[in-house]
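Chain by chain, the residues:
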Amino acid sequence: MPVRRSQPHLFIAIFLCFFAFVGNVNATTDGAKLFAIHCAACHGDKGDGGIGVPLTLPDFLTSVTDEYLFQTIRHGRPGRIMPAFRHLGDEQIRAIVEHIRSWAPKEVKLIPGRIQGNPEKGREIFARYCARCHGPLGRGGTGTGVNFTRLHNLPIVAPGLNNPGFLAAASDDIIRTTLLRGRRGTPMLPAAKMGLSEQDVEDVVSFIRSFEKQFQPAGKPAAAPAKPALIAVSTKPFSETVERIERAISARRLRIIRKHSLDDGLVAWGEENKKQQVIYFGSIRQINTLLAIDPRMGLFLPNRITVMEQDDGKVIATSINPLRFGSLFNNANLEHTSRELHDTYMAILQEISR
Ligand code: HEC
Ligand code: HEC
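Read on for an overview of the structure.

What counts, and where the lines are drawn
Residues numbered from 1 in each chain as written. Chains lettered and ligands numbered in written order. Predicted model: local features only at pLDDT ≥ 70, side-chain atom pairs only at ≥ 80, totals over all residues. Heavy atoms only, no water. Donors = N, O, S within 2.8 Å, 3.2 Å for Na, K, Ca; no water. Tetrahedral: all angles 85-135°; square planar, octahedral: opposite > 155°, others 65-115°. Helix = DSSP H or I, 4+ residues; strand = E, 2+ residues; numbered from the N terminus. Buried < 20%, exposed > 50% of the residue type's maximum accessible area, 1.4 Å probe, protein only. Near = heavy atom within 4 Å. Polar contact = N/O pair within 3.5 Å; in protein donor to acceptor, adjacent residues only side chain to side chain. Nonpolar A, V, L, I, M, F, W, Y, C, P; charged D, E, K, R; others polar. Salt bridge = Lys/Arg side-chain N within 4 Å of Asp/Glu carboxyl O. Phe/Tyr/Trp six-rings, centres within 6.5 Å; stacked < 30°, edge-to-face > 60°. Axes fitted to C-alpha atoms, helices over the stretch in contact; angles between N-to-C directions. Parallel < 35°, antiparallel > 145°, perpendicular 65-115°, else oblique. Left-handed = near helix turned anticlockwise from the far one by under 90°. Contact = heavy atoms within 4.5 Å.

**Considerations on the coordination of the iron atom of ligand 1**
Within the protein, His134 (NE2) and Met188 (SD) serve as the donor atoms for the iron atom of ligand 1, at 2.0 to 2.1 Å. For the iron atom of ligand 1, the six donor atoms in the first shell make angles of 86 to 178 degrees at the metal, a pattern classed as octahedral. Here Met188 lies in the loop between α9 (172-181) and α10 (191-194) and His134 lies in helix α7 (residues 119-134), a separation of 54 residues in the sequence. Each member of the pair, His134 as well as Met188, carries the same accessibility label: buried.

Written out as C-alpha coordinates, the structure reads:
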(Lines give C-alpha, C1' and ligand atoms only; values in the text may rest on other atoms or scores of the structure.)
(Ligands and ions follow the chains in the order given, each with its own letter.)
Protein backbone atom coordinates (compact mmCIF):
# COMPACT_ATOMS: atom_id res chain seq x y z
CA MET A 1 0.00 0.00 0.00
CA PRO A 2 1.47 3.40 -0.89
CA VAL A 3 2.22 5.64 2.08
CA ARG A 4 0.02 8.73 1.96
CA ARG A 5 1.88 12.02 2.16
CA SER A 6 0.62 15.33 3.39
CA GLN A 7 -0.70 17.69 0.72
CA PRO A 8 1.85 20.40 0.04
CA HIS A 9 -0.35 22.23 -2.49
CA LEU A 10 -2.96 22.87 0.19
CA PHE A 11 -0.39 24.57 2.40
CA ILE A 12 0.98 26.55 -0.52
CA ALA A 13 -2.54 27.79 -1.31
CA ILE A 14 -3.01 28.90 2.29
CA PHE A 15 0.32 30.69 2.23
CA LEU A 16 -0.48 32.47 -1.02
CA CYS A 17 -3.77 33.75 0.43
CA PHE A 18 -1.88 34.93 3.48
CA PHE A 19 0.68 36.85 1.43
CA ALA A 20 -2.00 38.30 -0.84
CA PHE A 21 -3.64 39.64 2.30
CA VAL A 22 -0.42 41.00 3.76
CA GLY A 23 0.53 42.40 0.35
CA ASN A 24 -2.71 44.35 0.26
CA VAL A 25 -2.34 45.97 3.64
CA ASN A 26 1.36 46.51 3.04
CA ALA A 27 0.72 49.59 0.96
CA THR A 28 -1.72 51.35 3.29
CA THR A 29 -0.84 54.63 4.99
CA ASP A 30 -4.03 54.67 7.05
CA GLY A 31 -2.73 55.11 10.60
CA ALA A 32 -5.79 53.59 12.28
CA LYS A 33 -5.60 50.52 10.07
CA LEU A 34 -1.86 50.14 10.59
CA PHE A 35 -2.31 50.47 14.34
CA ALA A 36 -5.06 47.84 14.32
CA ILE A 37 -2.84 45.43 12.39
CA HIS A 38 0.51 45.95 14.07
CA CYS A 39 -0.06 47.34 17.55
CA ALA A 40 -3.57 46.71 18.88
CA ALA A 41 -2.93 43.10 19.89
CA CYS A 42 -0.50 44.33 22.55
CA HIS A 43 -1.44 47.95 23.24
CA GLY A 44 -5.22 47.54 22.98
CA ASP A 45 -7.61 48.66 20.20
CA LYS A 46 -7.74 52.17 21.60
CA GLY A 47 -4.16 52.21 22.88
CA ASP A 48 -5.26 51.83 26.48
CA GLY A 49 -2.74 49.09 27.19
CA GLY A 50 -2.50 45.33 27.52
CA ILE A 51 0.72 43.39 27.19
CA GLY A 52 2.12 46.72 25.98
CA VAL A 53 2.03 49.90 28.09
CA PRO A 54 -0.91 52.29 27.62
CA LEU A 55 -0.24 54.92 24.95
CA THR A 56 -3.16 57.24 25.69
CA LEU A 57 -2.20 58.65 29.08
CA PRO A 58 -1.89 62.47 29.10
CA ASP A 59 1.37 62.36 31.09
CA PHE A 60 2.83 60.07 28.45
CA LEU A 61 1.64 62.02 25.43
CA THR A 62 2.77 65.39 26.79
CA SER A 63 6.23 64.01 27.70
CA VAL A 64 7.28 62.40 24.43
CA THR A 65 7.94 63.89 21.00
CA ASP A 66 6.75 62.55 17.64
CA GLU A 67 10.38 61.68 16.97
CA TYR A 68 10.43 59.50 20.13
CA LEU A 69 7.30 57.66 18.98
CA PHE A 70 8.73 57.27 15.48
CA GLN A 71 12.06 55.88 16.70
CA THR A 72 10.39 53.59 19.24
CA ILE A 73 8.26 52.03 16.50
CA ARG A 74 11.19 51.81 14.08
CA HIS A 75 13.70 50.25 16.55
CA GLY A 76 11.39 48.55 19.03
CA ARG A 77 12.97 47.53 22.31
CA PRO A 78 15.49 44.79 21.47
CA GLY A 79 15.40 42.02 24.04
CA ARG A 80 12.00 43.17 25.35
CA ILE A 81 8.57 42.30 24.00
CA MET A 82 8.12 45.44 21.90
CA PRO A 83 9.12 44.45 18.33
CA ALA A 84 11.00 46.61 15.82
CA PHE A 85 8.99 47.61 12.73
CA ARG A 86 11.78 47.75 10.17
CA HIS A 87 9.50 46.69 7.32
CA LEU A 88 7.18 49.70 7.62
CA GLY A 89 7.90 52.76 5.49
CA ASP A 90 8.63 56.17 7.09
CA GLU A 91 5.27 57.40 5.86
CA GLN A 92 3.45 54.48 7.47
CA ILE A 93 5.17 55.02 10.81
CA ARG A 94 4.33 58.74 10.66
CA ALA A 95 0.68 57.76 10.03
CA ILE A 96 0.71 55.55 13.14
CA VAL A 97 2.22 58.40 15.20
CA GLU A 98 -0.52 60.72 13.95
CA HIS A 99 -3.12 58.14 14.92
CA ILE A 100 -1.68 57.89 18.45
CA ARG A 101 -1.76 61.71 18.70
CA SER A 102 -5.39 61.78 17.59
CA TRP A 103 -6.50 60.08 20.82
CA ALA A 104 -5.48 62.98 23.03
CA PRO A 105 -4.30 66.02 21.11
CA LYS A 106 -2.31 67.55 23.96
CA GLU A 107 0.62 69.87 23.58
CA VAL A 108 4.04 68.26 24.14
CA LYS A 109 5.88 70.18 26.87
CA LEU A 110 9.35 68.97 27.74
CA ILE A 111 11.14 70.29 30.81
CA PRO A 112 14.71 71.38 29.95
CA GLY A 113 17.60 70.70 32.34
CA ARG A 114 19.44 73.47 34.14
CA ILE A 115 21.96 71.61 36.29
CA GLN A 116 24.74 69.11 35.63
CA GLY A 117 24.11 65.46 36.54
CA ASN A 118 26.52 63.08 38.25
CA PRO A 119 26.11 59.50 36.95
CA GLU A 120 27.84 57.93 39.98
CA LYS A 121 25.39 59.54 42.38
CA GLY A 122 22.66 58.60 39.92
CA ARG A 123 23.65 54.94 40.25
CA GLU A 124 22.99 55.01 44.00
CA ILE A 125 19.68 56.80 43.60
CA PHE A 126 18.65 54.34 40.93
CA ALA A 127 19.42 51.38 43.20
CA ARG A 128 17.37 52.94 46.01
CA TYR A 129 14.37 54.32 44.17
CA CYS A 130 14.03 52.70 40.78
CA ALA A 131 15.56 49.22 40.79
CA ARG A 132 12.67 47.50 42.55
CA CYS A 133 10.51 48.13 39.48
CA HIS A 134 12.96 48.70 36.61
CA GLY A 135 15.42 46.00 37.71
CA PRO A 136 18.82 46.49 39.37
CA LEU A 137 20.56 47.20 36.06
CA GLY A 138 17.61 48.96 34.46
CA ARG A 139 16.78 45.98 32.30
CA GLY A 140 13.09 46.34 33.09
CA GLY A 141 10.53 44.32 35.00
CA THR A 142 10.21 40.64 34.16
CA GLY A 143 7.42 38.90 32.31
CA THR A 144 4.56 40.60 30.56
CA GLY A 145 2.67 41.33 33.73
CA VAL A 146 -0.21 39.46 32.16
CA ASN A 147 -1.27 36.36 34.05
CA PHE A 148 -4.38 34.63 35.15
CA THR A 149 -5.08 36.75 38.18
CA ARG A 150 -4.39 40.15 36.68
CA LEU A 151 -6.79 42.16 34.55
CA HIS A 152 -5.63 42.82 31.04
CA ASN A 153 -5.78 46.60 31.11
CA LEU A 154 -3.87 47.33 34.29
CA PRO A 155 -0.57 49.21 34.09
CA ILE A 156 2.08 46.69 33.32
CA VAL A 157 5.67 45.80 34.13
CA ALA A 158 8.15 48.64 34.18
CA PRO A 159 9.87 49.13 30.79
CA GLY A 160 13.54 48.41 30.25
CA LEU A 161 15.64 51.60 30.44
CA ASN A 162 18.96 49.88 29.81
CA ASN A 163 17.82 49.24 26.28
CA PRO A 164 19.29 50.40 22.97
CA GLY A 165 15.81 51.02 21.52
CA PHE A 166 14.72 53.19 24.44
CA LEU A 167 17.99 55.14 24.56
CA ALA A 168 18.01 55.73 20.82
CA ALA A 169 14.49 57.17 21.03
CA ALA A 170 14.60 59.11 24.31
CA SER A 171 16.40 62.45 24.65
CA ASP A 172 17.62 63.64 28.07
CA ASP A 173 14.69 66.05 28.13
CA ILE A 174 12.20 63.24 27.62
CA ILE A 175 13.72 61.14 30.43
CA ARG A 176 13.86 64.16 32.76
CA THR A 177 10.29 65.17 31.97
CA THR A 178 9.04 61.60 32.56
CA LEU A 179 10.74 61.57 35.95
CA LEU A 180 9.51 64.99 37.04
CA ARG A 181 5.96 64.46 35.79
CA GLY A 182 5.57 60.73 36.40
CA ARG A 183 2.78 58.92 34.57
CA ARG A 184 -0.50 59.31 36.38
CA GLY A 185 -2.55 56.14 36.03
CA THR A 186 0.53 53.89 36.28
CA PRO A 187 2.85 52.92 39.16
CA MET A 188 5.40 55.46 37.84
CA LEU A 189 5.26 58.37 40.33
CA PRO A 190 6.56 61.92 39.87
CA ALA A 191 10.07 62.37 41.30
CA ALA A 192 8.87 64.72 44.03
CA LYS A 193 6.46 62.07 45.31
CA MET A 194 9.33 59.55 45.42
CA GLY A 195 11.26 62.06 47.53
CA LEU A 196 13.80 63.07 44.88
CA SER A 197 15.27 66.56 44.47
CA GLU A 198 15.88 68.25 41.12
CA GLN A 199 19.57 67.41 41.46
CA ASP A 200 18.72 63.75 42.13
CA VAL A 201 16.69 63.68 38.92
CA GLU A 202 19.59 65.15 36.95
CA ASP A 203 21.94 62.53 38.45
CA VAL A 204 19.61 59.68 37.49
CA VAL A 205 19.21 61.01 33.95
CA SER A 206 23.04 60.98 33.60
CA PHE A 207 23.16 57.45 35.00
CA ILE A 208 20.52 56.19 32.55
CA ARG A 209 22.46 57.90 29.73
CA SER A 210 25.62 56.05 30.81
CA PHE A 211 23.97 52.71 29.92
CA GLU A 212 24.62 53.54 26.27
CA LYS A 213 28.34 52.92 26.66
CA GLN A 214 27.85 49.20 27.31
CA PHE A 215 26.12 48.41 24.05
CA GLN A 216 28.01 46.61 21.33
CA PRO A 217 28.99 48.84 18.44
CA ALA A 218 26.44 48.85 15.66
CA GLY A 219 27.28 46.71 12.65
CA LYS A 220 28.42 43.71 14.67
CA PRO A 221 26.75 40.78 12.93
CA ALA A 222 23.93 39.25 14.94
CA ALA A 223 24.21 35.56 15.75
CA ALA A 224 22.79 33.36 13.01
CA PRO A 225 19.15 32.50 13.73
CA ALA A 226 18.60 29.03 15.19
CA LYS A 227 17.10 26.38 12.90
CA PRO A 228 13.29 26.35 13.10
CA ALA A 229 13.04 22.60 13.76
CA LEU A 230 14.95 19.86 15.59
CA ILE A 231 15.18 16.60 13.68
CA ALA A 232 16.53 13.20 14.73
CA VAL A 233 16.86 10.07 12.57
CA SER A 234 15.88 6.92 14.46
CA THR A 235 17.98 3.76 14.49
CA LYS A 236 14.82 1.78 15.37
CA PRO A 237 11.60 0.84 13.56
CA PHE A 238 8.54 3.11 13.88
CA SER A 239 6.68 1.64 16.87
CA GLU A 240 9.85 1.16 18.90
CA THR A 241 10.79 4.77 18.17
CA VAL A 242 7.44 5.96 19.52
CA GLU A 243 7.86 3.80 22.64
CA ARG A 244 11.34 5.11 23.29
CA ILE A 245 10.19 8.69 23.03
CA GLU A 246 7.30 8.03 25.40
CA ARG A 247 9.66 6.44 27.90
CA ALA A 248 12.08 9.37 27.62
CA ILE A 249 9.22 11.81 28.26
CA SER A 250 8.00 9.94 31.35
CA ALA A 251 11.55 9.64 32.69
CA ARG A 252 11.65 13.46 32.74
CA ARG A 253 8.48 13.58 34.85
CA LEU A 254 6.53 15.06 31.99
CA ARG A 255 3.10 13.68 31.27
CA ILE A 256 2.00 12.35 27.89
CA ILE A 257 -1.18 14.30 27.24
CA ARG A 258 -2.36 12.67 24.04
CA LYS A 259 -1.18 11.00 20.89
CA HIS A 260 -2.76 10.97 17.47
CA SER A 261 -2.03 10.61 13.78
CA LEU A 262 -0.70 13.70 12.06
CA ASP A 263 -3.68 13.68 9.67
CA ASP A 264 -6.24 12.99 12.39
CA GLY A 265 -9.43 14.89 11.54
CA LEU A 266 -8.25 15.66 8.01
CA VAL A 267 -9.10 12.24 6.58
CA ALA A 268 -11.99 9.82 7.10
CA TRP A 269 -12.01 7.99 10.43
CA GLY A 270 -9.89 4.83 10.20
CA GLU A 271 -8.00 6.21 7.20
CA GLU A 272 -5.34 7.98 9.27
CA ASN A 273 -1.73 7.34 8.51
CA LYS A 274 -0.62 5.32 11.55
CA LYS A 275 3.03 5.85 10.61
CA GLN A 276 2.87 9.58 11.36
CA GLN A 277 2.15 10.18 15.05
CA VAL A 278 2.16 13.37 17.10
CA ILE A 279 2.91 12.97 20.81
CA TYR A 280 1.78 15.83 23.09
CA PHE A 281 3.35 16.17 26.50
CA GLY A 282 4.05 18.58 29.31
CA SER A 283 3.14 19.42 32.88
CA ILE A 284 0.66 21.94 34.26
CA ARG A 285 3.46 23.65 36.17
CA GLN A 286 5.54 24.04 33.02
CA ILE A 287 2.58 25.38 31.04
CA ASN A 288 1.68 27.91 33.76
CA THR A 289 5.28 29.08 34.07
CA LEU A 290 5.69 29.57 30.33
CA LEU A 291 2.37 31.38 29.87
CA ALA A 292 3.22 33.77 32.68
CA ILE A 293 6.47 34.68 30.92
CA ASP A 294 4.80 35.24 27.57
CA PRO A 295 1.21 34.37 26.64
CA ARG A 296 2.27 33.77 23.04
CA MET A 297 3.99 30.61 24.28
CA GLY A 298 0.48 29.13 24.16
CA LEU A 299 1.07 28.62 20.43
CA PHE A 300 3.67 25.97 21.18
CA LEU A 301 2.08 24.26 24.16
CA PRO A 302 1.77 21.53 25.10
CA ASN A 303 5.13 20.30 23.79
CA ARG A 304 4.89 18.02 20.82
CA ILE A 305 7.12 15.61 18.92
CA THR A 306 6.12 14.16 15.56
CA VAL A 307 7.36 10.71 14.55
CA MET A 308 7.17 9.78 10.85
CA GLU A 309 8.11 6.81 8.77
CA GLN A 310 9.21 8.02 5.35
CA ASP A 311 8.71 6.30 1.99
CA ASP A 312 12.22 4.84 2.18
CA GLY A 313 11.40 3.26 5.56
CA LYS A 314 13.57 5.70 7.49
CA VAL A 315 11.98 6.87 10.76
CA ILE A 316 12.48 10.47 11.86
CA ALA A 317 11.26 12.50 14.82
CA THR A 318 10.89 16.29 14.76
CA SER A 319 9.93 19.13 17.06
CA ILE A 320 9.99 22.90 16.83
CA ASN A 321 13.24 24.48 18.01
CA PRO A 322 12.47 26.52 21.16
CA LEU A 323 15.62 28.59 20.57
CA ARG A 324 14.09 29.90 17.37
CA PHE A 325 10.82 31.14 18.86
CA GLY A 326 12.70 32.47 21.89
CA SER A 327 14.45 34.88 19.53
CA LEU A 328 11.30 35.62 17.47
CA PHE A 329 9.45 36.87 20.51
CA ASN A 330 12.10 39.42 21.43
CA ASN A 331 11.56 38.61 25.10
CA ALA A 332 14.79 38.33 27.11
CA ASN A 333 12.94 36.41 29.81
CA LEU A 334 12.32 33.63 27.35
CA GLU A 335 16.02 33.07 26.65
CA HIS A 336 16.62 30.89 29.67
CA THR A 337 13.36 28.96 29.34
CA SER A 338 13.76 28.32 25.64
CA ARG A 339 17.29 27.04 26.25
CA GLU A 340 15.89 24.65 28.90
CA LEU A 341 13.10 23.46 26.61
CA HIS A 342 15.57 23.01 23.76
CA ASP A 343 17.76 20.81 25.97
CA THR A 344 14.74 18.72 27.01
CA TYR A 345 13.69 18.17 23.40
CA MET A 346 17.27 17.31 22.41
CA ALA A 347 17.65 14.81 25.25
CA ILE A 348 14.40 13.08 24.30
CA LEU A 349 15.28 13.02 20.60
CA GLN A 350 18.73 11.61 21.35
CA GLU A 351 17.09 8.53 22.90
CA ILE A 352 16.11 7.32 19.44
CA SER A 353 19.36 7.92 17.61
CA ARG A 354 21.50 5.58 19.67
C1 HEC B 1 6.56 51.31 41.46
C2 HEC B 1 7.31 50.95 40.28
C3 HEC B 1 8.20 52.02 39.66
C4 HEC B 1 9.19 52.75 40.27
C5 HEC B 1 9.62 52.73 41.73
C6 HEC B 1 9.78 53.55 39.22
N7 HEC B 1 9.17 53.31 38.02
FE8 HEC B 1 9.60 54.15 36.24
N9 HEC B 1 8.04 53.23 35.39
C10 HEC B 1 7.23 52.30 36.00
C11 HEC B 1 6.21 51.88 35.07
C12 HEC B 1 5.12 50.85 35.33
C13 HEC B 1 6.43 52.60 33.88
C14 HEC B 1 5.59 52.55 32.60
C15 HEC B 1 4.54 53.59 32.71
C16 HEC B 1 3.60 53.60 31.54
O17 HEC B 1 2.89 52.61 31.35
O18 HEC B 1 3.56 54.62 30.83
C19 HEC B 1 7.60 53.44 34.11
C20 HEC B 1 8.15 54.29 33.16
C21 HEC B 1 9.37 54.91 33.29
C22 HEC B 1 10.07 55.62 32.25
C23 HEC B 1 9.58 55.75 30.82
C24 HEC B 1 10.11 54.54 30.06
C25 HEC B 1 9.51 54.39 28.71
O26 HEC B 1 9.78 53.38 28.04
O27 HEC B 1 8.78 55.28 28.31
C28 HEC B 1 11.24 56.09 32.77
C29 HEC B 1 12.32 56.87 32.05
C30 HEC B 1 11.26 55.68 34.15
N31 HEC B 1 10.11 54.97 34.44
C32 HEC B 1 12.30 55.93 35.03
C33 HEC B 1 12.25 55.65 36.39
C34 HEC B 1 13.28 56.03 37.33
C35 HEC B 1 14.58 56.72 36.95
C36 HEC B 1 12.86 55.66 38.57
C37 HEC B 1 13.53 55.91 39.89
C38 HEC B 1 13.77 57.28 40.22
C39 HEC B 1 11.58 54.97 38.40
N40 HEC B 1 11.24 55.00 37.07
C41 HEC B 1 10.85 54.41 39.42
C42 HEC B 1 7.35 51.85 37.29
C43 HEC B 1 8.19 52.37 38.26
C1 HEC C 1 4.14 42.03 21.03
C2 HEC C 1 3.61 43.13 21.77
C3 HEC C 1 3.79 44.53 21.20
C4 HEC C 1 3.51 44.98 19.94
C5 HEC C 1 2.99 44.20 18.75
C6 HEC C 1 3.78 46.40 19.96
N7 HEC C 1 4.22 46.77 21.20
FE8 HEC C 1 4.75 48.63 21.74
N9 HEC C 1 5.39 47.93 23.55
C10 HEC C 1 5.21 46.66 24.01
C11 HEC C 1 5.77 46.55 25.34
C12 HEC C 1 5.74 45.32 26.23
C13 HEC C 1 6.34 47.81 25.66
C14 HEC C 1 7.10 48.19 26.92
C15 HEC C 1 8.60 48.04 26.66
C16 HEC C 1 9.36 47.38 27.80
O17 HEC C 1 8.78 46.57 28.53
O18 HEC C 1 10.57 47.66 27.94
C19 HEC C 1 6.08 48.65 24.50
C20 HEC C 1 6.45 50.00 24.40
C21 HEC C 1 6.00 50.87 23.43
C22 HEC C 1 6.22 52.29 23.43
C23 HEC C 1 6.98 53.07 24.48
C24 HEC C 1 6.01 53.48 25.53
C25 HEC C 1 6.61 54.35 26.58
O26 HEC C 1 6.08 54.35 27.71
O27 HEC C 1 7.56 55.06 26.29
C28 HEC C 1 5.58 52.78 22.33
C29 HEC C 1 5.50 54.26 21.92
C30 HEC C 1 5.00 51.67 21.64
N31 HEC C 1 5.28 50.52 22.32
C32 HEC C 1 4.26 51.79 20.47
C33 HEC C 1 3.89 50.69 19.68
C34 HEC C 1 3.30 50.80 18.37
C35 HEC C 1 2.90 52.11 17.72
C36 HEC C 1 3.16 49.53 17.89
C37 HEC C 1 2.68 49.11 16.53
C38 HEC C 1 3.39 49.68 15.39
C39 HEC C 1 3.62 48.61 18.94
N40 HEC C 1 4.05 49.37 19.99
C41 HEC C 1 3.58 47.23 18.87
C42 HEC C 1 4.60 45.63 23.33
C43 HEC C 1 4.24 45.66 21.99
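**Describing the site of ligand 1**
By nearness alone, 24 residues border ligand 1, and Cys130, Cys133, His134, Arg183 and Met188 come closest of all. Residue Tyr68 places a side-chain N or O atom 3.1 Å away from an oxygen atom belonging to ligand 1. Within the side chain of Arg183, a nitrogen or oxygen atom sits 2.6 Å from an oxygen atom of ligand 1. Only α7, α9 and α11 (198-210) provide two or more residues apiece to the shell around ligand 1. Broken down by element, the residue count for the shell around ligand 1 peaks at five residues, all from α7. Taken together, the residues of the shell around ligand 1 break down into 18 nonpolar, three polar and three charged.

**Concerning the pattern of salt bridges**
As a working rule, side chains carrying opposite charge can pair if their charged atoms are close by. Tallied over the entire structure, the rule returns 13 salt bridges. Here Asp59 makes a salt bridge to Arg184, at a shortest N to O gap of 2.8 Å. One end of the pair, Asp59, is in helix α4 (residues 58-61); the other, Arg184, is in the loop between α9 and α10, and 125 residues separate them in sequence. The exposure class of Asp59 is buried, given its relative accessible area of 5%. Taking relative accessible area as the criterion, Arg184 reaches 64% and is therefore assigned exposed. Of the charged contacts, one joins Arg209 and Asp172 as a salt bridge, the two residues approaching to 2.6 Å between their closest N and O atoms. Of this pair, Arg209 sits in helix α11 while Asp172 is found in helix α9, placing the two residues 37 residues apart along the sequence. Judged by relative accessible area, which is 32%, Asp172 ranks as partly exposed.

**Re the packing of aromatic side chains**
On inspection of all chains with the given rule, the structure shows five aromatic pairs. Look at Phe126 and Phe207: their rings are 5.5 Å apart centre to centre, the planes differ by 55 degrees, and that puts the pair in the tilted class. One end of the pair, Phe126, is in helix α7; the other, Phe207, is in helix α11, and 81 residues separate them in sequence. Taking the relative accessible area as the measure of exposure, Phe126 reaches 1% and is therefore buried. On the basis of an interplanar angle of 85 degrees and a centroid distance of 6.3 Å, the ring pair of Phe126 and Phe211 is categorised as edge-to-face. Of this pair, Phe126 sits in helix α7 while Phe211 is found in the loop between α11 and β1 (229-233), placing the two residues 85 residues apart along the sequence. Each member of the pair, Phe126 together with Phe211, is buried.

**Structural notes on the packing of α9 against α11**
Across the interface, α9 lies against α11 with an axial gap of 10 Å and an inter-helix angle of 135 degrees. What the angle tells us is that α9 and α11 run oblique. Handedness of the α9/α11 crossing: right-handed. Between α9 and α11, the residues in contact are Asp172, Ile175, Arg176, Leu179 and Leu180 and Val201, Glu202, Val204, Val205, Ile208 and Arg209, respectively. Considering only residue class, the contact of α9 with α11 consists of seven nonpolar, no polar and four charged.

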